[in-house]
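# Notes for the structure review
Chain by chain, the residues:
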Amino acid sequence: MSTHEKVLSRSVRAIFSTGIAAGLGLAAAPAFSQEAEAPVARVVVTGSAIKRIDAETMVPVTIVKMEDIKKSGVTTIEQVMASLSSVQVQQSTSQVVGLGTGGAAFADLRGVGANKTLVLLNGRRVANNAFDGSAPDLNMIPFAALERVEVLRDGASSLYGSDAVGGVINFITRKNLRGATLTVGADSPEHPGGAANSANAGVGFGDLGADGYNVFMMVDHQATHRIGGTQRPFNKRYAGGISPTTSPANFYQGGVSDNPAAPDCTSASNLIPGPGGHGCQMTTSSFVDYIPKSERDAGLAKATFKLGADHELGVEYLVSHSKVQSQIAPVPYGGLNQNSTRPDGTPNPYYPGNPGATIPHIKLSPDYAEDGMDPSLKPGFIHVKWRDLPNGPRSDENINDQQRLVVSLGGTLAGWDYEAAVSYNRNKVQEFLRGYSDSGIIRPGVLNGIINPFGEQDAAGSALIASAALDGNVQNGQGTSKGVDAHASREAGDWFGAGRQVALALGVQYDRQEFSNTANPEYAARVVDSTGIDPALSNIGARKVLAGYVELNMPVFKTLDLTAAVRYDKYSDFGSTTNPKVGFRFQPNKRFLLRGSYSTGFRAPSLYEINAAQTYTNTALHDDPVNCPAGVAAPGKPEAANCGQQFQALAGGNKSLTPEKSRNAALGLVFEPANNLSLGMDLWWLQLRDQIGSLDENDVFDSLALYGDLFHRNGLGNLATDGSQCPDPNTCGYVDLRTRNLGDLHTSGIDLSANYKLKTAAHGAFTFAAGATWVHKYDYQNAKGGAWHPNVGVYSGAGPVFKWQDSVSVNWSGGKVAAGLSGHYKSGYLDEDEENHVASYTTWDGFASVEVFKGLTVTAGARNLFDRAPPLSFQRRTFQAGYDPRYTDPTGRAYYVRATYSF
């Protein structure tokens, strides 16, 4: 978006205005007419490189005005994205809990993946999150400085290149500020936890027109307190976060397995009987945060200087800092061993069945051994699964820093509207761990009879466990992007006698991208059992991308425009690609508009997808499909190690990936049956080939015939149940879930919008708005040529695709007072557990604002007015149990107040 873009005329603002308020994002209405007396400025709209008067192009663009949305109590970008019906799935900050996402939040248009939604800031790319690498972290966008968000709901690789397969989200900051503004706010949920506060301030001086310059700076602070696992009841809906690694510990020896300290699994908290009545399982969800604690600070400085009458120099600097802290259950040790004797030959007092042992009722084989056993194990040893409760819950702290510098020069030269810029983006993430313990101390402590895994510790055991407590930095990531871009557009004459000018745009772009992800080797080696992070992790990648594009808009008749665009990209590591786009715009009268487009897309694997760390991590509970088919242990295979267990899975990048390719088509109409009433409908189709992603573990474990080659077993033919057993091939059995090229994906649906404005002399002005997305089809393949899996209204693979997502609002303003009400709806779906149907989810928000005196406005309201609880879900994709935090909010009813003073 041009930095010298002028304030839109009243009529063009009407194009952009969609009645969005209280968090709604709806399709923009077309420019059916212009006010003759108003000077009309040419502008650049997301989805086109041509600077034009008419902002309604061949592609559907949703405009979210931040002035309206902030009244609804929204304080984060991810809350904005959650209100858009075209956003099917998103990764929220809460998914940092147990999943190592770095605290990032992503947007996902059409549900085809966050890595296929291009995120721009003022029309230019933002550095991807350094840990995930798939997309920019929405938390790094300067919320307080935003003026609007433009959402292109169509593929745009022909102009923007890679990542724009599913669409484009362009965050646009204000362009100037004179004077000063200060906003403070607080959020208070009705239930415990989750309180939040925010503050932002801005100051600017200089008038671009009168003084030839404007300089301003804005700073923004947000803080949200955690909601802990005991502050909401959702994880009590069923036994969630089940793990066979417990405290007191389970053990097994050959065909014998039990929990000797709690044989009925009721004498200790959080325990339930294990499968088949053997041993216990632990429910860990009460340790898990529903919402993590977070703090975010951002600053944006922007200076614009006029150079003569036709040129402007712009300098923009952004710095963002985010800290997200989350908590999960204490460290699990699923692969411990315990000898029946201590190193000095005396009986181990904690070994079940030993004379004088604290737990004497278990009779074990005194000479038990197994093939390939560790030399440190003595005859009579047992396998132990113990959780380190004494050192408390684990916590994770992710510190995310982003910097962005853009220097641009734009204006008019020889009849061309031009802009050129150099940019630098850097994202850096550091991960710190708390509450972890040193496996190099715990393992021998249990093996040699110092630590009692079955009960209370004596002084020596307590001291040893305390000495194993281990906090520190485990890994760091950094991604940078350095770029140069230039584009220009101009009118080229009325070629066809249509009464309007043909317009041409040209652009070039060069980017150098770098990625690194490295472990802190000393610390990582001591916690590898519970993190799976390879201490030798050092992944580094780089690439160069050179691109050029052309766009041509041709008025053929007074009622018909045709557009063609093509982009050529050359990657230093993946060759080159050319992607075209064609479209039309037909407007036979001022009340009706028909538009359509077709394009192809190309997405090269990201540096992260290629170079991401190879790490081992726990799966959810599964039966080994070979050693425990249909839940029954195979002969010679202990149930406690093969049935209902968390196995090791290998995740990470893949240097053999090939690019994704796509085809997009859209057909839409906008109808204005009466003044101030606009109705819109856009049909869309998207086909994706050679998807890049990871197979869902449920699909892999449930389809041995298809995915048997992904099971890599150790020398005994087993899968490992503990991180300490990997990567040694003698002990490490794992399932390979690394990133790979999958099959195809087909999705289609309809976007609907309605907007009506009513002004009355006696009762003020009303705005009614509604937007909805209906998904007709979303089918995907796990492998090229494989079976098609329907996903609409069904939890399949990573989650569901909602058939309906709707938003409605009504807003009123009269003089110095305003009020509004908005509702958000997601349809229900068949759960991961097919016996459960997840109910639909509807929430309502309301606000009222008043201008107390000139310059001071106070807004108060409530989100989730009717205290709607998230519907029950048995999903196992996230650590939170009882609901799905990706689509619903556990906060409940929350009250808020904001005060803004401008002077």
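Our subject is the structure that appears above.
### Topic: the overall build of the protein
Along its length, the protein carries 12 helices and 44 strands. For a compact globule of 903 residues, the expected C-alpha radius of gyration is about 29 Å, and the protein comes in at 30 Å, within 12% of that figure. Projected onto its principal axes, the C-alpha coordinates of the protein cover approximately 100 × 60 × 50 Å. In the protein, buried positions account for 58% of the 903 residues. Contacts in the protein between residues far apart in sequence, at least 24 positions, make up 71% of those at least 6 positions apart. Summed over its atoms, the accessible surface of the protein is roughly 33800 Å², and 58% of this surface lies on carbon and sulfur atoms. Here the protein holds 77 positive side-chain charges and 86 negative ones, and the gap between their average locations is 8 Å.

### Regarding helix H5 (residues 439-447)
Looking at H5, one finds that the buried residues are Ser439, Ile442, Arg443, Gly445, Val446 and Leu447. If you follow the buried residues of H5, they end up packed against strand S17 (332-338), strand S18 (382-387), strand S20 (416-437), helix H6 (459-467), helix H7 (521-526) and helix H8 (528-531). N-capping of H5 is provided by aspartate 438, with a side-chain oxygen placed 2.8 Å from the backbone N of glycine 440. Backbone geometry just downstream of H5 places glycine 449 in the positive-phi region, at approximately 80°.

### Considering the packing of aromatic side chains
Scanning the entire structure with this criterion turns up 21 aromatic pairs. Note on tyrosine 238 and phenylalanine 874: the rings are 4.5 Å apart at their centroids and 40° apart in plane angle, and the pair reads as tilted. Separated by 636 residues along the polypeptide, tyrosine 238 in the loop between strand S9 (213-224) and strand S10 (242-243) and phenylalanine 874 in the loop between strand S43 (856-863) and strand S44 (894-902) bring together distant segments of the chain. Judged by centre distance (6.0 Å) and plane angle (15°), the rings of phenylalanine 647 and phenylalanine 701 are stacked. Of this pair, phenylalanine 647 sits in strand S28 (residues 645-651) while phenylalanine 701 sits in helix H11 (residues 697-702), and the two are 54 residues apart along the sequence. By the burial criterion, phenylalanine 647 is buried, and phenylalanine 701 matches it. Members of the aromatic cluster, connected to one another through ring pairs, are Phe234, Tyr290 and Tyr883. Over the face of the ring belonging to tryptophan 684 we find arginine 110, whose NZ or CZ atom lies 4.1 Å from the ring centre. The ring centre of phenylalanine 802 lies 5.1 Å from the NZ or CZ of lysine 826, which sits over that ring.

### Overview of the environment of aspartate 494
Looking at the secondary structure, you find aspartate 494 in the loop between strand S21 (469-491) and strand S22 (503-519). The spatial distance from the C-alpha of aspartate 494 to the C-alpha of asparagine 782 is 50 Å, given a sequence separation of 288 residues. Not counting residues up to four positions away in its chain, the partners in contact with aspartate 494 are Gly499, Arg500 and Gln501. Polar contacts involving the side chain of aspartate 494 include one to the main-chain amide nitrogen of glycine 497, which spans 2.9 Å. In this structure the side chain of aspartate 494 is engaged in a polar contact, spanning 2.9 Å, whose partner is the backbone nitrogen of alanine 498.

### A few points about the pattern of salt bridges
Inspection of the entire model under this criterion finds 35 salt bridges. With its nearest N and O atoms 2.9 Å apart, the salt bridge here joins aspartate 744 to lysine 784. Of the two residues, aspartate 744 sits in the loop between strand S34 (740-741) and strand S35 (745-760) while lysine 784 sits in the loop between strand S36 (764-781) and strand S37 (788-790), which places them 40 residues apart along the sequence. Looking at aspartate 744, the relative accessible area reads 12%, which means it is buried. Taking relative accessible area as the criterion, lysine 784 reaches 52% and is therefore assigned exposed. Across the salt bridge formed by glutamate 832 and arginine 876, the nearest N and O atoms sit 3.5 Å from each other. Of this pair, glutamate 832 sits in the loop between strand S40 (829-830) and strand S41 (837-838) while arginine 876 sits in the loop between S43 and S44; the two residues are 44 residues apart in sequence, bridging distant segments of the chain.

### Notes on unusual backbone geometry
Going from serine 247 to proline 248, the amide bond is cis rather than trans, its omega being 0°. Along the chain, proline 248 falls in the loop between S10 and strand S11 (250-253). Here the residue pair cysteine 726 and proline 727 is connected by a cis peptide bond, since its omega of 10° sits within 30 degrees of zero. With a phi angle near 55°, alanine 630 is a residue other than glycine that sits in the positive phi range. Note on alanine 630: relative accessible area 84%, which makes it exposed. One non-glycine residue, asparagine 864, lies in the positive phi region at around 55°.

### Observations regarding the environment of threonine 304
Of note, threonine 304 is situated in strand S15 (residues 293-307). Accessibility expressed as a relative area gives 5% for threonine 304, which makes it buried. Considering only alpha carbons, one finds threonine 304 and aspartate 207, 97 residues apart in sequence, at a separation of 9.8 Å. Setting aside chain neighbours within four positions, we find threonine 304 in contact with Lys175, Leu208, Gly212, Tyr213, Asn214, Glu312, Leu313 and Gly314.

### Quick notes on the sheet that holds strand S13 (residues 271-273)
Pairing within the open sheet is antiparallel, and its three strands lie in the order S10-S14-S13. Looking at which strands have only one partner, the edges of the open sheet turn out to be S10 and S13. Where S13 lies against strand S14 (residues 280-283), three bridges are found, and the strand directions are antiparallel. Paired with leucine 271 across the strands is methionine 282, a residue of S14.

### Focus on the sheet that holds S28
Strand pairing in a sheet is mediated by backbone hydrogen bonds. Such pairs are either parallel or antiparallel. Ordered in space as S27-S28-S33-S32, the four strands form an open sheet in which the pairing is mixed. On the outer flanks of this sheet lie strand S27 (615-622) and strand S32 (711-712), each paired with one strand and no other.

### Some details on the pairing of strand S25 (residues 575-589)
Of the pairings in the sheet, the one linking strand S24 (residues 560-571) to S25 comprises 12 bridges and is antiparallel in character. Paired with arginine 567 across the two strands is asparagine 579, which belongs to S25. Hairpin connection from S24 to S25: three residues lie between these consecutive antiparallel strands. Two elements, S25 and strand S26 (residues 592-603), share seven bridges in a ladder whose sense is antiparallel. Each residue of the ladder has a partner; that of phenylalanine 586, found in S26, is leucine 594. Between S25 and S26, which pair antiparallel one after the other, the connecting turn spans two residues.

### Observations concerning the pairing of strand S3 (residues 117-121)
The element S3 is extensively covered by neighbouring structure, given that five of its five residues are classed as buried. Because side chains alternate across S3, one face comprises the buried residues Thr117, Val119 and Leu121, and the other comprises Leu118 and Leu120, equally buried. As paired strands, S3 and strand S6 (residues 167-173) are joined by five bridges and run parallel to one another. Within S6, the position partnered with leucine 118 by the bridge is valine 168. Sheet analysis places S3 next to strand S4 (residues 124-125), joined by two bridges and oriented antiparallel. Bridging from a neighbouring strand, leucine 121 pairs with arginine 124 of S4. Between S3 and S4, which pair antiparallel one after the other, the connecting turn spans two residues, and asparagine 122 there sits at a positive phi close to 55°.

Procedures and definitions
Counting restarts for each chain, with residues numbered from 1 along the sequence as it is written. Thresholds applied to this predicted model are a pLDDT of at least 70 for local features of residues and 80 or more for the giving and counting of side-chain atom pairs; totals over whole chains, interfaces and linings are not thresholded and use all residues. Computation of side-chain values covers all heavy atoms of the structure but excludes hydrogens and water. Segments assigned H or I by DSSP are reported as helices when at least four residues long, segments assigned E as strands when at least two residues long, and all are numbered from the N terminus. Here the globule rule is a power law, 2.2 Å times the number of residues to the power 0.38, and the radius of gyration is based on C-alpha atoms. Only protein chains enter the calculation, and the probe is 1.4 Å; a residue is then buried if its accessible area is under 20% of its type maximum, exposed if over 50%, and partly exposed in between. Throughout, a residue-residue contact means that at least one pair of heavy atoms, one from each residue, lies within 4.5 Å. Areas reported here follow the Shrake-Rupley algorithm with a probe of radius 1.4 Å; residue values treat only the protein chains shown as occluding. Counted as positive: Lys and Arg. Counted as negative: Asp and Glu. His and the chain ends are not counted at all. Throughout, a charge is located at the NZ atom of Lys, the CZ atom of Arg, the CG atom of Asp or the CD atom of Glu. In protein, a polar contact means a hydrogen-donor-capable atom and an acceptor-capable atom, both N or O and within 3.5 Å, with residues adjacent in sequence counting only if both atoms are side-chain atoms; elsewhere, any N or O pair within 3.5 Å suffices. Here is the rule: rings of Phe, Tyr and Trp (six-membered ring for Trp) pair when centre to centre is within 6.5 Å. Planes less than 30 degrees apart are stacked, more than 60 are edge-to-face, and the remainder are tilted. Sitting over a ring, as applied to charges here, requires NZ of Lys or CZ of Arg to be within 6 Å of the ring centre and within 35 degrees of the ring normal. We define a salt bridge as a contact between a side-chain nitrogen of Lys or Arg and a carboxyl oxygen of Asp or Glu at a distance within 4 Å. In short, DSSP must find at least two bridges between two strands for them to pair.

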